[in-house]
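Below, each chain spelled out in residue letters.
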Amino acid sequence: MLDIFFDSVVEWKPDLVILTGIHLLDGQLETLWTERLKSVASKLRGLPPDVPVHLEVASMANKHFTTNLMKTLLPLVDSLGCNEQELAFLAHAGGGPHHDLYLTLSTVPDVAKITDIMQWLLQKYSDRLSRIHFHSLTYHLIGVLPNKWGNTNSSVAAGTRIAGQQACILQDLTSDKVKLHTPKHIILDSETAHVFDPLRPVIHWVKENVHYYFSPVLVCKKPLKTVGLGDAISSTALMYSEFLL
C-alpha cells in the first residue's frame, strides 16, 4: 500500500500530503517499525519539494520508537499535528523542555510550556519543519514560520470550530450545546499574559522568529463523536492554510 500511495502522489500531483497512522507501528517489533520508518522516509525524499507534507501523530508509549520516529521523519515533513499527550511525549523522548510534562498534564495544558516545546521542535528540525498544530480539548495553538505559512489566523479558528461541530454532530453550535473552558487570563510565556476577549478569540504573538496563533475550543457538553477528531481538526486547518513556496 505504501508504494501504491506514493506512486499515485507523483502522478496525481496534490497540493498537500498528509501522513497519519504511523503511531500504529509503536506496538510492533523493532525490526518491523525500523524498516517501515526507513521506507516511509525514502518515499518522502522522492516527493517534489514544492509539495508540503503534514505528519499527524497519535498516542505513543514506546520511547525508543518515538525517538526514532523523530529522527527519521521529522526532518522530512513541513507540518506536524498532535495533542497534549503526544507533544509532551515527543519532548520526553527527544530530551526537550518540560520532558516530564507527560506525567502531569491537566485539562487545560499550560500554554507557556506547550509553546516552549513547540519552539524547541521548530528550532531542532528547522531545516524543513515550519508548522506545528497543537490541539487539546480546550484550545488549539499553531506555531508557524511566517515566511512559509499564511492565513494561520483563519486556519486555527477553522480547526477549533470543526472540533465542536464533529463532537456534537452539529453545524450550528449554540450555547446550550457547547461551553468555553478557556481561562480569562492566559499566560502566553514567561513574560506575557493576555486577557481573553470573546469578541476577538484568536490571539497572536511572536516568540523569537515563530508566530503563534491561539484559539479556544467550543467544547461539546455531550459529545456524540470523538473518533477521528484529531485528523478532522488538522485536515480542516490545513485547508485554510497557505503554503508559501
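This structure is a prediction, so every number in the text was calculated from the model and none was measured.

Reading guide: rules and limits
- Residues numbered from 1 in each chain as written.
- Predicted model: local features only at pLDDT ≥ 70, side-chain atom pairs only at ≥ 80, totals over all residues.
- Heavy atoms only, no water.
- Phe/Tyr/Trp six-rings, centres within 6.5 Å; stacked < 30°, edge-to-face > 60°.
- Helix = DSSP H or I, 4+ residues; strand = E, 2+ residues; numbered from the N terminus.
- Buried < 20%, exposed > 50% of the residue type's maximum accessible area, 1.4 Å probe, protein only.
- Lys NZ or Arg CZ within 6 Å of the ring centre and 35° of its normal.
- Pairing = 2+ DSSP bridges.
- Axes fitted to C-alpha atoms, helices over the stretch in contact; angles between N-to-C directions.
- Contact = heavy atoms within 4.5 Å.
- Polar contact = N/O pair within 3.5 Å; in protein donor to acceptor, adjacent residues only side chain to side chain.

Undergrad: Where do I start with the packing of aromatic side chains in this structure?
TA: Describing an aromatic ring pair means giving the distance of the ring centres and the angle of the ring planes. Overall, the coordinates contain seven aromatic pairs when judged by the stated rule. With centroids separated by 5.6 Å and ring planes inclined at 85°, the aromatic side chains of Phe 89 and Tyr 102 adopt a geometry described as edge-to-face. Of this pair, Phe 89 sits in helix 4 (residues 84-94) while Tyr 102 sits in the loop between helix 4 and helix 5 (111-124), placing them 13 residues apart in sequence. Tyr 102 gets classed as partly exposed once you look at its relative accessible area, which sits at 29%. Ring geometry for Trp 205 against Tyr 212: centres 5.7 Å apart, planes inclined by 20°, an arrangement best described as stacked. Given a relative accessible area of 7%, Trp 205 falls into the buried group. A network of ring pairs unites the aromatic residues Phe 134, Tyr 139 and Phe 214 as a single cluster. Directly above the ring of Trp 149 sits Arg 131, whose terminal nitrogen or CZ lies 5.4 Å from the centroid.

Undergrad: Quick question: what am I supposed to make of the sheet that holds strand 2 (residues 53-56) here?
TA: Adjacent strands of a sheet pair through backbone hydrogen bonds, lying either parallel or antiparallel. With mixed pairing, the seven strands of this open sheet are ordered in space as 1-2-3-4-5-11-10. Only two strands of the sheet have a single partner each, and these edge strands are strand 1 (17-20) and strand 10 (203-207). The sheet shows a mean angle of 15° between the axes of neighbouring strands, direction not considered. Against the sheet, helix 6 (residues 152-168) engages strand 4 (131-135), strand 5 (139-144) and strand 11 (210-216), with an angle of about 150° to strand 5.

Undergrad: Sorry if this is basic, but what is going on with helix 4 here?
TA: Spacing of three or four residues puts side chains on the same side of an α-helix, whose turn is 3.6 residues. Across the eleven residues that make up helix 4, a large majority, nine, are buried. For helix 4, the full list of buried residues reads Glu 84, Glu 86, Leu 87, Ala 88, Phe 89, Leu 90, Ala 91, His 92 and Ala 93. Near the N-terminus of helix 4, the side chain that reaches the backbone nitrogen of Gln 85, with its oxygen 3.0 Å away, is that of Asn 83.

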